[in-house]
Amino acid sequence: MSIVKLAPSILAADFARLGQQVVDAAKGGADRIHVDVMDGHFVPNLSMGAVVVESLRQITHLPLEIHLMISDPDFFLEEFAAAGSDSFLVHWEGNNNLHRTVQRIRALGRRAGVAINPATSATVLEEIVQDVDQVLVMTVNPGFGHQQFVRTTLPKIGRVRELIERRQPACEVEVDGGIDTTTAPLVVRAGATVLVAGSAIFGDRRAVGTAMNALRMALNNTERDTEPAEWSGPQRSQ
Ligand code: DX5
Ligand code: ZN
């Protein structure tokens, strides 16, 4: 059995049955629940606010991970923390004071993670990775579920993994977008340890637990490449 963690994204859930779907995901062995928050500015879509977290907090003990795809994350941290959030993923893009945002998350006693979009280089993490618990590599452009996996992000996952092993080995490498039974083995081989999946779990015609098992089965016998073809190993000069 793989040690890779699964973080079902409720963006793909049936909102009329949200509580039951999260309970089903917990029974299926979810490690955390991924909550996508969108403001219509940072990304061209709207999703949900802290009230959803407050309701979910009543029905699950699983960690609630909040992916903030919003223009001013600092403004909403306290509200989401009070609602019962356990961790925050904030984007590098558009944040002029990322370190301050991370400090604020820490001051609230929550886990902090930094997300990078497909067009953003892994090198931007150099000066922040030592301060975070997670890095989220977006494997689609943020804003919508059900999108196609962006394959060019694969070598970047390897570069993020290398950076983390060098600077902050306890940090998790998480991926988000287009993860299914085909792409899951690829991202794990590249170095991911936490997989966010929306449509592959809640959008599957089968039961939530069955879909989660299918993802896990796809990972059987998948071991991380120590040196992916696209990645030439640690840079001795740094
Ligand atoms: C996209 C969100 C993802 C989304 C993934 O902006 O951050 O978490 O729910 O959905 P799938 O797994 O359907 O690509
Ligand atoms: Zn997300």
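**Topic: unusual backbone geometry**
Piece 1. With a phi angle near 60 degrees, His146 is a residue other than glycine that sits in the positive phi range.
Piece 2. In this fold, His146 is placed in the loop between strand S6 (134-138) and helix H5 (154-167).

**Looking at the confidence of the model for the protein**
Piece 1. For the protein, the average pLDDT comes to 94, and 94% of its residues sit at 70 or higher.
Piece 2. The spread of mean pLDDT over the elements of the protein runs between helix H8 (residues 208-219), the lowest at 97, and S6, the highest at 99.

**Some thoughts on the coordination of the zinc ion (ligand 2)**
Piece 1. Distances from the zinc ion (ligand 2) to its protein donors, namely His34 (NE2), Asp36 (OD), His67 (ND1) and Asp176 (OD), fall within the range 2.0 to 2.3 Å.
Piece 2. Counting the intervening residues between successive donors of the zinc ion (ligand 2) yields the motif H-x1-D-x30-H-x108-D. On the criterion of sequence distance, the pair formed by Asp36 in strand S2 (residues 33-38) and Asp176 in strand S7 (residues 172-176) is long-range, its members being 140 residues apart. No difference in accessibility class separates Asp36 from Asp176, as the two residues are buried.

**Section: the layout of surface pockets**
Piece 1. Within this model, the largest pocket holds a volume of roughly 300 Å³.
Piece 2. As for the largest pocket, its lining consists of 25 residues, of which Phe144, Gly145, His146, Gly177 and Gly178 are closest to the centre.

**Here we look at the packing of helix H1 (residues 18-27) against helix H2 (residues 50-59)**
Piece 1. Packing of H1 against H2 brings their axes to within 10 Å, and their N-to-C directions diverge by 50 degrees. The pairing of H1 with H2 is recorded here as oblique in orientation. The chirality of how H1 crosses H2 is right-handed. On the side of H1, the interface is formed by Leu18, Gly19, Val22 and Val23, while H2 contributes Val52, Leu56 and Ile59.
Piece 2. Looking at the contact of H1 with H2, its residues break down into six nonpolar, one polar and no charged.

**Quick look at the pattern of salt bridges**
Piece 1. By the definition in use, this model includes 15 salt bridges.
Piece 2. Here Glu65 ties to Arg32 by a salt bridge, and the two come within 3.1 Å at their closest N and O atoms. Of this pair, Glu65 sits in strand S3 (residues 64-69) while Arg32 sits in the loop between H1 and S2, and the two are 33 residues apart along the sequence.
Piece 3. A relative accessible area of 0% means that Glu65 is categorised as buried.
Piece 4. Between Arg161 and Glu165 there is a salt bridge; the shortest N-O distance is 3.8 Å. One end of the pair is Arg161 and the other is Glu165, both in helix H5 and four residues apart, which spans about a single turn.

**A closer look at the sheet that holds strand S4 (residues 87-91)**
Piece 1. Strand order in the open sheet formed by eight strands is S1-S8-S7-S6-S5-S4-S3-S2, and the pairing between neighbours is parallel. Only two strands of the sheet have a single partner each, and these edge strands are strand S1 (5-8) and S2. Recorded for the sheet is a direction-independent mean angle of 25 degrees between the axes of neighbouring strands.
Piece 2. Across four bridges, the pairing between S1 and strand S8 (residues 194-197) is parallel. Its bridge partner lying in S8, Pro8 is registered against Ala197.

**What about the environment of His99?**
Piece 1. Residue placement: His99 occurs in helix H4 (residues 98-107).
Piece 2. On the basis of relative accessibility, which here comes to 39%, the residue His99 falls in the partly exposed class.
Piece 3. Taking the C-alpha atoms as reference points, His99 and Asp131, separated by 32 residues in sequence, lie 8.2 Å from one another.
Piece 4. Sequence-distant contacts of His99, defined by excluding residues within four places in its chain, comprise Ile128 and Asp131.

Rules and cut-offs
- Residues numbered from 1 in each chain as written.
- Chains lettered and ligands numbered in written order.
- Predicted model: local features only at pLDDT ≥ 70, side-chain atom pairs only at ≥ 80, totals over all residues.
- Heavy atoms only, no water.
- Helix = DSSP H or I, 4+ residues; strand = E, 2+ residues; numbered from the N terminus.
- pLDDT = per-residue confidence, 0-100.
- Donors = N, O, S within 2.8 Å, 3.2 Å for Na, K, Ca; no water.
- Buried < 20%, exposed > 50% of the residue type's maximum accessible area, 1.4 Å probe, protein only.
- 1 Å grid on protein atoms, 1.4 Å probe; cavity = no way out; pocket = protein on both sides within 12 Å on 5 of 7 lines; lining within 4 Å.
- Points joined across faces, edges and corners; volume = space filled by probe spheres on them.
- Axes fitted to C-alpha atoms, helices over the stretch in contact; angles between N-to-C directions.
- Parallel < 35°, antiparallel > 145°, perpendicular 65-115°, else oblique.
- Left-handed = near helix turned anticlockwise from the far one by under 90°.
- Contact = heavy atoms within 4.5 Å.
- Nonpolar A, V, L, I, M, F, W, Y, C, P; charged D, E, K, R; others polar.
- Salt bridge = Lys/Arg side-chain N within 4 Å of Asp/Glu carboxyl O.
- Pairing = 2+ DSSP bridges.

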